[in-house]
Amino acid sequence: MPAIDGCQLTTKDYTILEVMRERHPTRDGTFSTILQRKISSAFVMFREDIPANVVTLSSRVAYRVNDGPAETRIVAHDQMRGLVGMLLPITNPRGLALLGLAEGQSMSIPTSDGSLETLTVHEVVYLPEAARRERLKLAGVAEPGPWRPGGPRLRVVHRSGEPHNEGQNKVAAAFDAGFDDPGPSAA
């Protein structure tokens, strides 16, 4: 489990933060400090494994600033037109601070006037990863992966050190988990 000060990020969210750091190394000090803190304290996991109470991109979160009333926003990658007041982009220090925090977890960040404000996750109202898991569960579909039982397994079809007939398939390995993609010729 990550440290109290740590955050939990999906591989996608972590990658986005890494790209933000690489593309904008000279952002203001507050933003860069929060970004570096997120990246250095991150516990990175697959989206299938992220707990349902952790803020990820596109999740709807109820949070408090200091002792103020709870506010609900969708944590987004960037500003979008037409959704004013609904989104909290991670290009904003508050949005970045909330990303990866679990319910009940807090993070203090500096404000423009030099004081500190503490953001506390009250509730993750909607988590896209949890919704996806629920849809798959209701449909009776397991979420297979190479790290999970029932996920795709490789099966050796031909070993290069063994003789084989010219008519045999020369593919080195194939999925043995019901992979039925007909390929581009079927289109």
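Residues numbered from 1 in each chain as written. Predicted model: local features only at pLDDT ≥ 70, side-chain atom pairs only at ≥ 80, totals over all residues. Heavy atoms only, no water.

## Focus: the overall build of the protein
Then step 1. Looking only at helices and strands, the protein features four helices and nine strands.
Then step 2. Listing the helices and strands of the protein from first to last along the sequence gives β-α-α-β-β-β-β-α-β-β-α-β-β.
Then step 3. Every one of the 187 residues in the protein was classed for burial, and the buried ones make up 30%. (Helix = DSSP H or I, 4+ residues; strand = E, 2+ residues; numbered from the N terminus. Buried < 20%, exposed > 50% of the residue type's maximum accessible area, 1.4 Å probe, protein only.)

## Some remarks on the pattern of salt bridges
Then step 1. Using the criterion set out here, one finds four salt bridges in the structure.
Then step 2. A salt bridge links Glu18 to Arg21, with the nearest nitrogen and oxygen atoms 3.0 Å apart. Taken together, the positions of Glu18 and Arg21, both in helix α1 (residues 11-23) and three residues apart, correspond to about one turn of that helix.
Then step 3. Take Glu18: its relative accessible area is 17%, and that puts it in the buried class.
Then step 4. Put simply, Arg94 and Glu117 hold a salt bridge, and the shortest N to O gap is 2.8 Å. Linking Arg94 in helix α3 (residues 93-98) with Glu117 in strand β7 (residues 116-126), this pair joins segments that are 23 residues apart in sequence.
Then step 5. Assessed through its relative accessible area of 25%, Arg94 is described here as partly exposed.
Then step 6. Classification of Glu117 by relative accessible area gives buried; the value is 10%. (Salt bridge = Lys/Arg side-chain N within 4 Å of Asp/Glu carboxyl O.)

## Notes on the confidence of the model for the protein
Then step 1. Of all residues in the protein, 67% attain a pLDDT of 70 or more, and the chain-wide mean is 77.
Then step 2. For the stretch residues 149-159, pLDDT sits under 50, and the model shows 28 contacts to residues farther than four places along the chain or on other chains.
Then step 3. Low confidence marks residues 166-179, where pLDDT is under 50. Its contacts with residues over four positions away, or in another chain, come to 22 contacts. (pLDDT = per-residue confidence, 0-100. Contact = heavy atoms within 4.5 Å.)

## What to know about the layout of surface pockets
Then step 1. Looking at the largest pocket, its volume works out to about 180 Å³.
Then step 2. In this structure, the largest pocket is lined by Thr10, Thr11, Lys12, Asp13, Arg47, Leu57, Ser58, Pro128, Glu129 and Arg132.
Then step 3. Residue assignment for the lining of the largest pocket shows that the elements contributing at least two residues are α1 and α4 (128-138).
Then step 4. Residues belonging to the lining of the largest pocket are distributed by class as follows: two nonpolar, three polar and five charged. (1 Å grid on protein atoms, 1.4 Å probe; cavity = no way out; pocket = protein on both sides within 12 Å on 5 of 7 lines; lining within 4 Å. Points joined across faces, edges and corners; volume = space filled by probe spheres on them. Nonpolar A, V, L, I, M, F, W, Y, C, P; charged D, E, K, R; others polar.)

## A short note on the nonpolar core
Then step 1. Ranked by size, the top nonpolar core spans 32 residues in total, and within it Leu17 and Ile90 carry the most contacts.
Then step 2. It is helix α2 (residues 29-41) that provides the largest number of residues to this core, a total of four residues.
Then step 3. Those residues in contact with Ile90, other than ones at most four positions away along the chain, are Ile16, Leu17, Met20, Phe31, Leu57, Val75, Ala76, His77, Gly95, Leu96 and Leu99. (Core = buried A, V, L, I, M, F, W, Y, C linked by side-chain atoms within 4.5 Å.)

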